[in-house]
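The chain contents come next:
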Amino acid sequence: MSAELDELRVEIDDVDKQMVELLARRLALVEKVGEVKSKYGLPIYVPEREATMLASRREEAESKGVPGALIEDILRRTMRESYSSENDSGFKCLKPTLKPIVIVGGHGQLGGLFARMFSLSGYEVRILGRNDWDRADEILADVGMVVISVPIDLTEATILRLKNLPENCILCDLTSVKSRPLSAMLEVHSGPVVGFHPMFGPDIPSLAKQVIVCCEGRFPEQYSWLKAQFQIWGATVRDIDATDHDQGMTLIQALRHFTSFAYGLHLSQEDPNIEQLLSLSSPIYRLEIAMVGRLFAQDPNLYADIIMSAPENLEMIKRFHQRFGDAISILENKDKVKFVDSFNEVEQWFGDYSQQFMKESKNLLRQAHDAIHRES
(Lines give C-alpha, C1' and ligand atoms only; values in the text may rest on other atoms or scores of the structure.)
Protein backbone atom coordinates (compact mmCIF):
# COMPACT_ATOMS: atom_id res chain seq x y z
CA MET A 1 0.00 0.00 0.00
CA SER A 2 2.81 2.39 0.90
CA ALA A 3 4.53 1.82 -2.43
CA GLU A 4 1.31 2.46 -4.36
CA LEU A 5 0.69 5.69 -2.45
CA ASP A 6 4.26 6.86 -2.99
CA GLU A 7 3.94 6.31 -6.73
CA LEU A 8 0.68 8.23 -6.91
CA ARG A 9 2.07 11.05 -4.77
CA VAL A 10 5.03 11.40 -7.12
CA GLU A 11 2.59 11.83 -10.00
CA ILE A 12 0.58 14.38 -8.01
CA ASP A 13 3.76 16.30 -7.21
CA ASP A 14 4.60 16.35 -10.91
CA VAL A 15 1.15 17.74 -11.78
CA ASP A 16 1.51 20.36 -9.06
CA LYS A 17 4.85 21.47 -10.53
CA GLN A 18 3.20 21.80 -13.92
CA MET A 19 0.48 23.94 -12.34
CA VAL A 20 3.15 26.20 -10.84
CA GLU A 21 4.77 26.57 -14.25
CA LEU A 22 1.42 27.43 -15.83
CA LEU A 23 0.65 29.99 -13.14
CA ALA A 24 4.05 31.61 -13.66
CA ARG A 25 3.34 31.76 -17.39
CA ARG A 26 -0.10 33.26 -16.76
CA LEU A 27 1.31 35.96 -14.46
CA ALA A 28 3.94 36.82 -17.07
CA LEU A 29 1.18 37.27 -19.64
CA VAL A 30 -0.77 39.40 -17.19
CA GLU A 31 2.25 41.66 -16.83
CA LYS A 32 2.20 42.22 -20.58
CA VAL A 33 -1.55 42.83 -20.46
CA GLY A 34 -0.93 45.46 -17.79
CA GLU A 35 1.55 47.24 -20.04
CA VAL A 36 -1.00 47.35 -22.89
CA LYS A 37 -3.76 48.57 -20.59
CA SER A 38 -1.47 51.27 -19.23
CA LYS A 39 -0.55 52.37 -22.74
CA TYR A 40 -4.16 52.73 -23.89
CA GLY A 41 -5.78 53.82 -20.64
CA LEU A 42 -7.85 50.67 -20.09
CA PRO A 43 -9.12 49.75 -16.60
CA ILE A 44 -7.42 46.82 -14.90
CA TYR A 45 -10.82 45.38 -13.94
CA VAL A 46 -13.41 44.73 -16.65
CA PRO A 47 -16.38 42.92 -15.06
CA GLU A 48 -17.89 41.79 -18.36
CA ARG A 49 -14.62 40.16 -19.47
CA GLU A 50 -14.20 38.47 -16.08
CA ALA A 51 -17.77 37.11 -16.01
CA THR A 52 -17.55 35.78 -19.58
CA MET A 53 -14.19 34.14 -18.98
CA LEU A 54 -15.30 32.48 -15.73
CA ALA A 55 -18.48 31.13 -17.31
CA SER A 56 -16.49 29.69 -20.21
CA ARG A 57 -13.90 28.06 -17.93
CA ARG A 58 -16.62 26.58 -15.72
CA GLU A 59 -18.28 25.03 -18.74
CA GLU A 60 -14.98 23.61 -20.00
CA ALA A 61 -14.12 22.24 -16.56
CA GLU A 62 -17.47 20.56 -16.08
CA SER A 63 -17.20 18.94 -19.52
CA LYS A 64 -14.02 17.24 -18.23
CA GLY A 65 -15.54 16.15 -14.94
CA VAL A 66 -13.92 18.97 -12.94
CA PRO A 67 -16.30 20.85 -10.61
CA GLY A 68 -17.03 24.32 -12.00
CA ALA A 69 -16.71 25.84 -8.53
CA LEU A 70 -13.16 24.48 -8.26
CA ILE A 71 -11.86 26.13 -11.41
CA GLU A 72 -13.68 29.35 -10.48
CA ASP A 73 -12.01 29.39 -7.05
CA ILE A 74 -8.59 28.87 -8.63
CA LEU A 75 -9.13 31.54 -11.28
CA ARG A 76 -10.55 34.12 -8.89
CA ARG A 77 -7.55 33.71 -6.60
CA THR A 78 -5.23 33.93 -9.61
CA MET A 79 -6.98 37.04 -10.91
CA ARG A 80 -6.68 38.72 -7.53
CA GLU A 81 -2.93 38.23 -7.75
CA SER A 82 -3.01 39.42 -11.35
CA TYR A 83 -4.80 42.66 -10.46
CA SER A 84 -2.17 43.34 -7.85
CA SER A 85 0.71 42.72 -10.24
CA GLU A 86 -0.85 45.02 -12.87
CA ASN A 87 -0.19 47.92 -10.49
CA ASP A 88 3.50 47.53 -11.23
CA SER A 89 2.93 48.48 -14.85
CA GLY A 90 1.58 51.88 -13.89
CA PHE A 91 -1.51 53.50 -15.37
CA LYS A 92 -2.31 55.92 -18.17
CA CYS A 93 -2.43 59.55 -17.06
CA LEU A 94 -5.82 60.96 -18.09
CA LYS A 95 -4.93 64.57 -17.27
CA PRO A 96 -1.29 65.06 -18.29
CA THR A 97 -1.70 68.85 -18.21
CA LEU A 98 -2.74 68.83 -14.54
CA LYS A 99 -0.49 70.86 -12.31
CA PRO A 100 0.95 69.18 -9.18
CA ILE A 101 -1.30 67.24 -6.82
CA VAL A 102 -0.95 67.95 -3.11
CA ILE A 103 -1.99 65.22 -0.66
CA VAL A 104 -2.67 66.82 2.71
CA GLY A 105 -1.93 63.99 5.10
CA GLY A 106 0.00 62.07 2.49
CA HIS A 107 2.31 60.54 5.10
CA GLY A 108 -0.67 58.63 6.49
CA GLN A 109 -1.59 55.19 5.23
CA LEU A 110 -4.61 56.10 3.07
CA GLY A 111 -3.08 59.35 1.84
CA GLY A 112 0.09 57.43 1.05
CA LEU A 113 -1.86 54.87 -0.97
CA PHE A 114 -3.44 57.58 -3.13
CA ALA A 115 -0.11 59.38 -3.46
CA ARG A 116 1.37 56.14 -4.78
CA MET A 117 -1.51 55.57 -7.22
CA PHE A 118 -1.28 59.10 -8.61
CA SER A 119 2.50 58.74 -8.96
CA LEU A 120 2.04 55.41 -10.79
CA SER A 121 -0.24 57.31 -13.17
CA GLY A 122 2.40 59.88 -13.98
CA TYR A 123 1.20 62.84 -11.91
CA GLU A 124 3.54 65.05 -9.89
CA VAL A 125 2.65 64.52 -6.23
CA ARG A 126 3.56 66.70 -3.26
CA ILE A 127 2.91 65.90 0.39
CA LEU A 128 1.68 68.42 2.95
CA GLY A 129 2.14 66.79 6.36
CA ARG A 130 1.24 68.11 9.77
CA ASN A 131 4.79 69.44 10.23
CA ASP A 132 4.84 71.19 6.85
CA TRP A 133 2.37 74.02 7.39
CA ASP A 134 5.13 76.58 7.74
CA ARG A 135 5.91 75.77 4.08
CA ALA A 136 2.28 75.47 3.00
CA ASP A 137 2.39 78.44 0.63
CA GLU A 138 5.38 76.91 -1.14
CA ILE A 139 3.87 73.42 -1.34
CA LEU A 140 0.49 74.73 -2.54
CA ALA A 141 1.95 77.10 -5.10
CA ASP A 142 0.61 76.58 -8.62
CA VAL A 143 -1.26 73.43 -7.57
CA GLY A 144 -3.79 71.58 -9.77
CA MET A 145 -5.53 69.49 -7.12
CA VAL A 146 -5.58 69.23 -3.33
CA VAL A 147 -6.63 65.98 -1.66
CA ILE A 148 -7.49 66.02 2.06
CA SER A 149 -6.65 62.76 3.86
CA VAL A 150 -6.47 63.49 7.58
CA PRO A 151 -8.30 62.08 10.65
CA ILE A 152 -12.03 62.81 10.71
CA ASP A 153 -11.84 65.12 13.71
CA LEU A 154 -9.22 67.27 11.95
CA THR A 155 -10.79 67.35 8.50
CA GLU A 156 -12.92 70.48 8.71
CA ALA A 157 -10.25 72.52 10.50
CA THR A 158 -7.69 71.43 7.91
CA ILE A 159 -9.98 72.40 5.04
CA LEU A 160 -10.47 75.87 6.51
CA ARG A 161 -6.71 76.41 6.45
CA LEU A 162 -6.68 76.01 2.66
CA LYS A 163 -7.44 79.53 1.58
CA ASN A 164 -6.52 81.29 -1.65
CA LEU A 165 -6.19 78.12 -3.72
CA PRO A 166 -5.94 78.67 -7.50
CA GLU A 167 -9.41 79.14 -8.96
CA ASN A 168 -9.26 76.05 -11.19
CA CYS A 169 -7.70 73.85 -8.51
CA ILE A 170 -9.79 70.78 -7.62
CA LEU A 171 -10.40 70.43 -3.89
CA CYS A 172 -11.48 67.01 -2.62
CA ASP A 173 -11.35 64.87 0.50
CA LEU A 174 -11.18 61.15 1.35
CA THR A 175 -13.16 61.26 4.58
CA SER A 176 -15.72 58.67 5.72
CA VAL A 177 -18.24 61.42 6.55
CA LYS A 178 -19.29 63.70 3.75
CA SER A 179 -21.85 66.40 4.51
CA ARG A 180 -19.81 68.66 6.78
CA PRO A 181 -16.46 68.30 4.98
CA LEU A 182 -18.18 68.97 1.65
CA SER A 183 -19.84 72.08 3.04
CA ALA A 184 -16.50 73.28 4.43
CA MET A 185 -14.79 72.79 1.05
CA LEU A 186 -17.55 74.65 -0.76
CA GLU A 187 -17.19 77.49 1.74
CA VAL A 188 -13.42 77.84 1.53
CA HIS A 189 -12.94 77.31 -2.22
CA SER A 190 -14.84 78.82 -5.15
CA GLY A 191 -13.49 76.35 -7.71
CA PRO A 192 -14.32 72.68 -8.37
CA VAL A 193 -15.11 70.69 -5.22
CA VAL A 194 -15.93 67.00 -4.72
CA GLY A 195 -16.08 64.59 -1.80
CA PHE A 196 -14.82 61.00 -1.96
CA HIS A 197 -15.02 58.10 0.46
CA PRO A 198 -12.86 55.07 -0.38
CA MET A 199 -14.73 52.05 0.98
CA PHE A 200 -11.53 50.16 1.75
CA GLY A 201 -8.48 50.32 3.95
CA PRO A 202 -4.95 51.24 2.94
CA ASP A 203 -3.69 47.65 3.08
CA ILE A 204 -5.41 46.48 -0.11
CA PRO A 205 -3.10 45.05 -2.80
CA SER A 206 -5.16 46.56 -5.64
CA LEU A 207 -8.11 48.87 -6.23
CA ALA A 208 -9.73 46.29 -8.53
CA LYS A 209 -13.39 45.78 -7.49
CA GLN A 210 -13.08 48.34 -4.69
CA VAL A 211 -15.73 51.07 -4.29
CA ILE A 212 -15.08 54.81 -4.09
CA VAL A 213 -18.13 56.84 -3.14
CA CYS A 214 -18.45 60.21 -4.88
CA CYS A 215 -20.50 63.12 -3.52
CA GLU A 216 -20.76 65.89 -6.08
CA GLY A 217 -19.86 69.39 -5.00
CA ARG A 218 -19.27 72.04 -7.66
CA PHE A 219 -18.29 72.02 -11.36
CA PRO A 220 -18.39 68.22 -11.89
CA GLU A 221 -17.29 68.60 -15.50
CA GLN A 222 -13.89 69.75 -14.23
CA TYR A 223 -13.20 66.57 -12.24
CA SER A 224 -14.96 63.95 -14.37
CA TRP A 225 -11.52 62.80 -15.55
CA LEU A 226 -10.63 62.04 -11.91
CA LYS A 227 -13.52 59.60 -11.57
CA ALA A 228 -12.40 57.98 -14.82
CA GLN A 229 -8.86 57.74 -13.43
CA PHE A 230 -10.18 55.83 -10.41
CA GLN A 231 -11.94 53.46 -12.79
CA ILE A 232 -8.70 52.85 -14.68
CA TRP A 233 -7.19 51.85 -11.34
CA GLY A 234 -9.95 49.24 -11.16
CA ALA A 235 -12.32 50.94 -8.72
CA THR A 236 -16.06 51.36 -9.11
CA VAL A 237 -17.30 54.90 -8.47
CA ARG A 238 -20.71 55.21 -6.80
CA ASP A 239 -22.40 58.62 -6.97
CA ILE A 240 -24.60 59.51 -4.00
CA ASP A 241 -25.89 62.57 -2.19
CA ALA A 242 -23.74 63.48 0.82
CA THR A 243 -26.66 63.30 3.27
CA ASP A 244 -27.72 59.89 1.96
CA HIS A 245 -24.11 58.72 2.24
CA ASP A 246 -23.83 59.74 5.87
CA GLN A 247 -27.12 58.06 6.73
CA GLY A 248 -25.89 54.85 5.12
CA MET A 249 -22.55 55.00 6.95
CA THR A 250 -24.43 55.10 10.26
CA LEU A 251 -25.31 51.45 9.62
CA ILE A 252 -22.42 50.33 7.42
CA GLN A 253 -19.66 51.73 9.59
CA ALA A 254 -20.67 53.24 12.93
CA LEU A 255 -23.08 50.57 14.15
CA ARG A 256 -21.06 47.71 12.69
CA HIS A 257 -17.80 48.89 14.27
CA PHE A 258 -19.50 49.61 17.59
CA THR A 259 -21.01 46.13 17.83
CA SER A 260 -17.59 44.60 17.07
CA PHE A 261 -16.05 46.83 19.75
CA ALA A 262 -18.72 45.83 22.28
CA TYR A 263 -18.34 42.13 21.50
CA GLY A 264 -14.55 42.35 21.79
CA LEU A 265 -14.93 44.17 25.10
CA HIS A 266 -17.30 41.47 26.30
CA LEU A 267 -14.91 38.69 25.27
CA SER A 268 -11.95 40.33 26.98
CA GLN A 269 -13.87 40.64 30.26
CA GLU A 270 -15.21 37.07 30.06
CA ASP A 271 -11.60 36.08 29.37
CA PRO A 272 -12.10 32.74 27.56
CA ASN A 273 -9.17 30.77 26.14
CA ILE A 274 -9.09 31.97 22.52
CA GLU A 275 -7.03 29.01 21.37
CA GLN A 276 -9.60 26.66 22.81
CA LEU A 277 -12.46 28.59 21.23
CA LEU A 278 -10.79 28.34 17.83
CA SER A 279 -10.10 24.63 18.24
CA LEU A 280 -13.81 24.03 18.83
CA SER A 281 -15.19 26.57 16.38
CA SER A 282 -17.02 26.11 13.12
CA PRO A 283 -15.72 28.10 10.12
CA ILE A 284 -18.49 30.68 10.59
CA TYR A 285 -17.55 31.41 14.19
CA ARG A 286 -13.87 31.54 13.31
CA LEU A 287 -14.70 34.05 10.59
CA GLU A 288 -16.82 36.10 12.99
CA ILE A 289 -14.18 36.23 15.71
CA ALA A 290 -11.54 36.99 13.08
CA MET A 291 -13.52 40.05 11.93
CA VAL A 292 -13.86 41.22 15.53
CA GLY A 293 -10.18 40.60 16.26
CA ARG A 294 -9.24 42.42 13.06
CA LEU A 295 -10.76 45.60 14.45
CA PHE A 296 -8.45 45.52 17.46
CA ALA A 297 -5.36 45.15 15.27
CA GLN A 298 -5.93 48.66 13.91
CA ASP A 299 -5.84 52.25 15.09
CA PRO A 300 -8.38 52.81 17.90
CA ASN A 301 -8.46 56.55 17.19
CA LEU A 302 -9.75 55.89 13.67
CA TYR A 303 -12.67 53.81 14.90
CA ALA A 304 -13.44 56.18 17.75
CA ASP A 305 -13.60 59.02 15.22
CA ILE A 306 -15.87 57.03 12.88
CA ILE A 307 -18.29 55.98 15.62
CA MET A 308 -18.34 59.40 17.29
CA SER A 309 -18.37 61.45 14.08
CA ALA A 310 -22.09 62.30 14.17
CA PRO A 311 -24.90 62.43 16.76
CA GLU A 312 -26.98 60.29 14.38
CA ASN A 313 -24.57 57.42 15.02
CA LEU A 314 -25.27 57.50 18.76
CA GLU A 315 -29.02 57.62 18.15
CA MET A 316 -28.79 54.58 15.88
CA ILE A 317 -26.72 52.69 18.48
CA LYS A 318 -29.30 53.56 21.15
CA ARG A 319 -32.10 52.17 18.97
CA PHE A 320 -30.08 49.01 18.46
CA HIS A 321 -29.59 48.76 22.22
CA GLN A 322 -33.35 49.04 22.73
CA ARG A 323 -34.06 46.30 20.19
CA PHE A 324 -31.36 44.14 21.74
CA GLY A 325 -33.20 44.50 25.02
CA ASP A 326 -36.48 43.59 23.34
CA ALA A 327 -34.86 40.42 22.00
CA ILE A 328 -33.57 39.54 25.49
CA SER A 329 -37.08 39.86 26.87
CA ILE A 330 -38.21 37.19 24.38
CA LEU A 331 -35.64 34.83 25.90
CA GLU A 332 -36.51 35.76 29.47
CA ASN A 333 -40.15 34.95 28.75
CA LYS A 334 -39.17 31.78 26.87
CA ASP A 335 -41.53 33.00 24.16
CA LYS A 336 -40.64 30.70 21.27
CA VAL A 337 -43.70 31.78 19.29
CA LYS A 338 -42.59 35.42 19.47
CA PHE A 339 -39.05 34.42 18.51
CA VAL A 340 -40.25 32.50 15.44
CA ASP A 341 -42.63 35.28 14.43
CA SER A 342 -39.86 37.89 14.73
CA PHE A 343 -37.49 35.62 12.81
CA ASN A 344 -40.00 35.27 9.99
CA GLU A 345 -40.59 39.04 9.88
CA VAL A 346 -36.88 39.63 9.38
CA GLU A 347 -36.72 36.89 6.76
CA GLN A 348 -39.52 38.60 4.83
CA TRP A 349 -37.70 41.92 5.09
CA PHE A 350 -34.55 40.40 3.57
CA GLY A 351 -36.60 38.81 0.79
CA ASP A 352 -34.54 37.30 -2.03
CA TYR A 353 -31.36 38.66 -0.45
CA SER A 354 -31.54 35.86 2.14
CA GLN A 355 -30.80 33.22 -0.48
CA GLN A 356 -28.24 35.44 -2.19
CA PHE A 357 -26.41 35.95 1.10
CA MET A 358 -26.63 32.22 1.85
CA LYS A 359 -24.85 31.49 -1.42
CA GLU A 360 -22.22 34.19 -0.89
CA SER A 361 -21.56 33.12 2.69
CA LYS A 362 -21.09 29.49 1.65
CA ASN A 363 -18.23 30.57 -0.60
CA LEU A 364 -16.67 32.61 2.21
CA LEU A 365 -17.04 29.74 4.67
CA ARG A 366 -15.42 27.29 2.27
CA GLN A 367 -12.44 29.61 1.96
CA ALA A 368 -12.28 30.07 5.73
CA HIS A 369 -12.39 26.31 6.21
CA ASP A 370 -9.62 25.78 3.65
CA ALA A 371 -7.39 28.20 5.58
CA ILE A 372 -7.76 26.30 8.86
CA HIS A 373 -4.83 24.16 9.95
CA ARG A 374 -5.69 21.71 12.69
CA GLU A 375 -3.12 19.62 14.46
CA SER A 376 -3.89 15.90 14.39
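Please refer to the structure placed before this passage.
It should be emphasised that the depicted structure is a prediction, and the values quoted were computed from it without experimental measurement.

Cut-offs used in this document
- Each residue is numbered by its place in its chain's sequence as written, counting from 1.
- Local features in a predicted model are, by the rule used here, given only for residues with pLDDT of at least 70; side-chain atom pairs are given and counted only at 80 or more, and totals for whole chains, interfaces and linings are based on all residues.
- To obtain the side-chain values, all non-hydrogen atoms of the structure were included, while hydrogens and water were left out.
- Nonpolar core, defined: a set of buried Ala, Val, Leu, Ile, Met, Phe, Trp, Tyr and Cys residues in which side-chain atoms within 4.5 Å join the residues together.
- Remark: exposure states derive from per-residue accessible area (1.4 Å probe, protein chains only) relative to the maximum for the residue type, with buried under 20%, exposed over 50%, and partly exposed in between.
- Secondary structure elements follow DSSP: runs of H or I of four or more residues count as helices, runs of E of two or more count as strands, with numbering from the N terminus.
- Two residues qualify as a contact provided that any one of their heavy atoms is within 4.5 Å of a heavy atom in the partner residue.
- DSSP calls a pair of strands paired once it identifies at least 2 bridges connecting them.
- Axis definition: a line fit to C-alpha positions, over the contact stretch in the case of helices; interaxial angles, taken between N-to-C directions, run 0 to 180 degrees.
- Patch building starts from residues that exceed 30% relative accessible area and form no salt bridge, then joins like charges within 9 Å and nonpolar side chains (Val, Leu, Ile, Met, Phe, Trp, Tyr) within 5 Å.
- What sets the accessible areas is the Shrake-Rupley method with a 1.4 Å probe; for residues, cover comes only from the shown protein chains.
- A pairing counts as a salt bridge when a side-chain nitrogen of Lys or Arg comes within 4 Å of a carboxyl oxygen of Asp or Glu.
- The labels follow the angle: roughly parallel below 35 degrees, roughly antiparallel above 145, roughly perpendicular from 65 to 115, and oblique for the rest.
- Gly is put with the polar residues, along with every residue not named as nonpolar or charged; the nonpolar set is Ala, Val, Leu, Ile, Met, Phe, Trp, Tyr, Cys and Pro, and the charged set is Asp, Glu, Lys and Arg.
- Pairing of aromatic side chains requires ring centres within 6.5 Å, counting the rings of Phe and Tyr and the six-membered ring of Trp. Pairs whose planes differ by under 30 degrees are stacked, by over 60 edge-to-face, and all others tilted.
- We call a charge positioned above a ring when the Lys NZ or Arg CZ atom is no farther than 6 Å from the ring centre and deviates by at most 35 degrees from the ring normal.
- To estimate how far a helix should reach, multiply one less than its number of residues by 1.5 Å.
- To obtain the arc, one takes the directions from the helix axis to the C-beta atoms.

A.B. asks: How should the nonpolar core be read in this particular structure?
C.D. replies: One broad rule of soluble globular proteins: the nonpolar side chains tend to lie buried together. Counting 38 residues, the largest nonpolar core has Phe 118, Met 145, Phe 196, Leu 207, Phe 230 and Trp 233 as the members making the most contacts within it. Top contributing element to this core by residue count: helix α4 (residues 109–120), with five residues. When sequence neighbours within four positions are dropped, the list of residues in contact with Phe 230 reads Phe 114, Phe 118, Phe 196, Ile 212, Ala 235 and Val 237. Within the second largest apolar cluster, 24 residues are counted, among which are Ile 159, Met 185, Cys 215 and Ala 242.

A.B. asks: What is the right way to look at the sheet that holds strand β3 (residues 145–148) in this model?
C.D. replies: What holds strands together in a sheet is hydrogen bonding between their backbones, with the strands either parallel or antiparallel. Taken in spatial order, the seven strands line up as β2-β1-β3-β4-β5-β6-β7 in an open sheet, and their pairing is mixed. Each edge of the sheet is formed by a strand with only one pairing partner; in this case those strands are β2 (125–128) and β7 (236–239). Pairs of neighbouring strands in the sheet enclose a mean axial angle of 25°, with direction left out of account.

A.B. asks: Even after reading the chapter, I still don't get a nonpolar patch on the surface, so can you show me in this structure?
C.D. replies: Taken together, the side chains of Val 346, Trp 349, Phe 350, Tyr 353 and Phe 357 make up a nonpolar region of the molecular surface, amounting to roughly 560 Å² of accessible area. It is helix α14 (residues 336–350) that contributes the most residues to the nonpolar patch, three residues altogether. Residue position: Val 346 is located in helix α14.

A.B. asks: Can you walk me through the pattern of salt bridges in this structure?
C.D. replies: Any two side chains of opposite charge can pair, on the condition that their charged atoms come close. As enumerated under the stated definition, the model contains 16 salt bridges in all. Taking the shortest distance from any N to any O, the salt bridge between Glu 62 and Arg 58 comes out at 3.9 Å. Taken together, the residues span about one helical turn, with Glu 62 and Arg 58 both in helix α2 (residues 47–63) at a distance of four residues. The class for Glu 62 is partly exposed, based on a relative accessible area of 47%. Note on Arg 58: relative accessible area 28%, which makes it partly exposed. Its salt-bridge partner being Arg 58, residue Glu 72 comes within 2.5 Å of it at the nearest N-O pair. Of the two residues, Glu 72 sits in helix α3 (residues 68–86) while Arg 58 sits in helix α2, which places them 14 residues apart along the sequence.

A.B. asks: Help me out: how do you make sense of the packing of helix α6 (residues 152–160) against helix α7 (residues 179–188) in this one?
C.D. replies: A pair of packed helices is captured by two measures, namely the crossing angle of their axes and the spacing between those axes. In contact at an axis separation of 9 Å, α6 and α7 are set at 5° when each is read in the N-to-C sense. Comparing their axes, α7 and α6 come out roughly parallel. Every residue of α7 that contacts α6 at Thr 155, Glu 156, Ile 159 and Leu 160 is listed here: Arg 180, Pro 181, Ala 184, Met 185 and Val 188. Its residues placed into classes, the contact of α6 with α7 shows six nonpolar, one polar and two charged.

A.B. asks: Help me out: how do you make sense of the packing of aromatic side chains in this one?
C.D. replies: By convention here, two paired aromatic rings are described through the distance between centres and the angle between planes. A full pass over the atoms with the stated rule returns 15 aromatic pairs. Plain terms: the ring middles of Phe 196 and Phe 230 are 5.0 Å apart, the flat faces sit at 80° to each other, and that makes the pair edge-to-face. Here Phe 196 is found in strand β5 (residues 193–198), whereas its partner Phe 230 is found in helix α8 (residues 224–232), with 34 residues between them in sequence. The same class applies to Phe 196 and to Phe 230, which are both buried. Ring geometry for Phe 339 against Phe 343: centres 6.3 Å apart, planes inclined by 35°, an arrangement best described as tilted. Taken together, the positions of Phe 339 and Phe 343, both in helix α14 and four residues apart, correspond to about one turn of that helix. A network of ring pairs unites the aromatic residues Phe 114, Phe 118, Tyr 123, Phe 196, Phe 200, Trp 225, Phe 230 and Trp 233 as a single cluster. The lysine or arginine in question, Arg 161, covers the ring of Trp 133, its NZ or CZ lying 4.1 Å from the ring centre.

A.B. asks: Just checking my understanding: could you explain helix α13 (residues 311–332) for this structure?
C.D. replies: In an α-helix, one turn spans 3.6 residues; hence positions three or four apart end up facing the same way. Between its first and last C-alpha atoms α13 spans 32 Å; for 22 residues at 1.5 Å apiece the expected length is 32 Å, and the two agree. All of the buried residues in α13 are Asn 313, Met 316, Ile 317 and Ile 330. The arc that holds the buried residues of α13, viewed along the axis, is 115°, so those residues lie on one side. Pointing more than 90 degrees away from the buried face of α13 are the exposed residues Pro 311, His 321 and Glu 332. On its buried face, α13 sits against α9 (242–270), α12 (300–307) and α14. Two residues or fewer past α13, Lys 334 is found with a positive phi of approximately 50°.

A.B. asks: What's the story with the side chain of Thr 78 in this structure? I'm lost.
C.D. replies: By secondary structure assignment, the location of Thr 78 is in helix α3. Excluding residues that lie within four positions of it along the chain, Thr 78 makes contacts with Leu 23 and Arg 26.

A.B. asks: What exactly am I supposed to notice about α2 here?
C.D. replies: Under the 1.5 Å per step criterion, the end-to-end length of α2 is 24 Å for 17 residues, consistent within 8% with the ideal 24 Å. Along α2, the residues classified as buried are Glu 50, Met 53, Leu 54 and Ala 61. Looking straight down α2, one finds its buried side chains confined to an arc of 100°; they lie on one side. The outward face of α2, more than 90 degrees from its buried face, is lined by the exposed residues Glu 48, Thr 52, Glu 59 and Ser 63. Gly 65 sits one or two positions beyond α2 and adopts a positive phi of about 80°.

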